[in-house]
Amino acid sequence: MRIPFTQVDAFADAAFGGNPAAVMMLSEWLDDATLLAIAQENNLSETAFLVAADGAAADFALRWFTPGDEVEMCGHATLASGHVVLSSDTTRERVRFATRHAGVLEVARDGLGYSLSLPERTPVPAALPGVVEALGVGGVVATLRHPAGYAVVVVDDAARVRACTPDFAALAAAGRYVVILTARGGAGEADVVSRVFVPAFAIDEDPVTGAAHAVITPYWTQELGRDAFVAEQASARGGRLMCRMEGDRVVLGGECVTVIEGTFLLP
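Conventions and cut-offs
- Residues numbered from 1 in each chain as written.
- Predicted model: local features only at pLDDT ≥ 70, side-chain atom pairs only at ≥ 80, totals over all residues.
- Heavy atoms only, no water.
- Helix = DSSP H or I, 4+ residues; strand = E, 2+ residues; numbered from the N terminus.
- Rg over C-alpha atoms; globule rule 2.2 N^0.38 Å.
- Contact = heavy atoms within 4.5 Å.
- Core = buried A, V, L, I, M, F, W, Y, C linked by side-chain atoms within 4.5 Å.
- Buried < 20%, exposed > 50% of the residue type's maximum accessible area, 1.4 Å probe, protein only.
- Pairing = 2+ DSSP bridges.

Asker: How should I be thinking about the overall build of the protein in this particular structure?
Answerer: Within the protein, the regular secondary structure consists of six helices and 18 strands. For a compact globule of 267 residues, the expected C-alpha radius of gyration is about 18 Å, and the protein comes in at 18 Å, within 12% of that figure. With the C-alpha coordinates aligned to their principal axes, the bounding extent of the protein is approximately 50 × 40 × 30 Å. Relative to all contacts within the protein whose residues are 6 or more apart in sequence, the contacts with residues 24 or more apart total 61%.

Set out below in structure tokens:
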């Protein structure tokens, strides 16, 4: 079986930045074990699988797999999927994806890049046993959690975020979390700085994480006292996102770059 394959750097304005994702268009769904095996072969933080949708609510059905498991929402691979669809059809202004756990997600053209609409996932204060200790950070201002599996640790200085060197084994043992470490940006930086660690899903650090910003955007808009801000995910590859609230949706802005186009040969 030949499967069209596109690798995209999402939330990047040039190759080798942002977060890479594989986008693969299927004629019909393969079994879950095969989808996971393909994601493991691609060995990227996410592989997005698309199948044309039957109904009017969405254009495609969309699922995402890390090398470790299927995830319930992934922002950067959704943005990458929108880029692939919209690049192949210049008459489209937007594309809608039906997902199993996150509802219908939309990617629309927006200037030189795209906007991605995600459901907001406002975190609430909660103890995070083992998470702060595994991160090894001081200056903790707040710990928060969202039941979809997100753990948020807010610290008092962006320098602590940049310098963090987690104990990944201990972090994975603390729970099946997407762990977000975040702080206000310093002088000359973006408004908000974050890093995201997902060792429980076989990803020590994710380069740029759209879904994490669906969690921290409601928090930071309230803390900053405004509806929009610029965020930097301070990973080695790095990336910037324009984040804003629109009712109960988080809208993220960013660009994408196609770096590989080809065919995956499935035995």
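Still to come is the rest of the account.
Asker: Would you mind showing me how to read the nonpolar core here?
Answerer: Inside soluble globular proteins, nonpolar side chains tend to come together where they are buried. Core analysis: the biggest nonpolar cluster contains 55 residues, and W64 and I180 have the highest contact counts within it. Top element by residues in this core is helix α6 (residues 210-224). It accounts for eight residues. Apart from the residues lying within four places of it in its own chain, the contact partners of I180 are Y150, A151, V152, V153, S194, R195, V196, A212, V215 and I216.

Asker: Please explain the environment of V131 as it appears in this structure.
Answerer: Considering the arrangement of structural elements, one finds V131 in helix α3 (residues 131-135). Sequence spacing of V131 and D227 is 96 residues, and the spatial spacing of their C-alpha atoms is 29 Å. With sequence-adjacent residues up to four places away left out, V131 is seen in contact with V153, L171, A174, Y177 and V179.

Asker: I tried to follow the pairing of strand β13 (residues 192-198) on my own but got confused; where do I start?
Answerer: For a regular strand, side chains alternate in direction, first toward one face of the sheet and then toward the other. Counting buried residues along β13, seven of its seven residues qualify, which places the element largely inside the surrounding structure. A two-sided burial pattern is seen for β13, the buried positions comprising V192, S194, V196 and V198 on one face and V193, R195 and F197 on the other. When strand β12 (residues 178-184) meets β13, the two strands line up antiparallel, connected through six bridges. Within the sheet, the bridge partner assigned to V179 lies in β13 and is F197. Pairing of β13 with strand β15 (residues 228-233) involves three bridges; the strand directions are parallel. Residue pairing across strands places S194 opposite Q233, the latter belonging to β15. Pairing analysis gives three bridges linking β13 to strand β14 (residues 203-206), with the strands arranged antiparallel. If you follow V198 over to β14, its bridge partner there is I203. In sequence, β13 turns back onto β14 through a hairpin of four residues, with A202 there showing a positive phi of about 70°.

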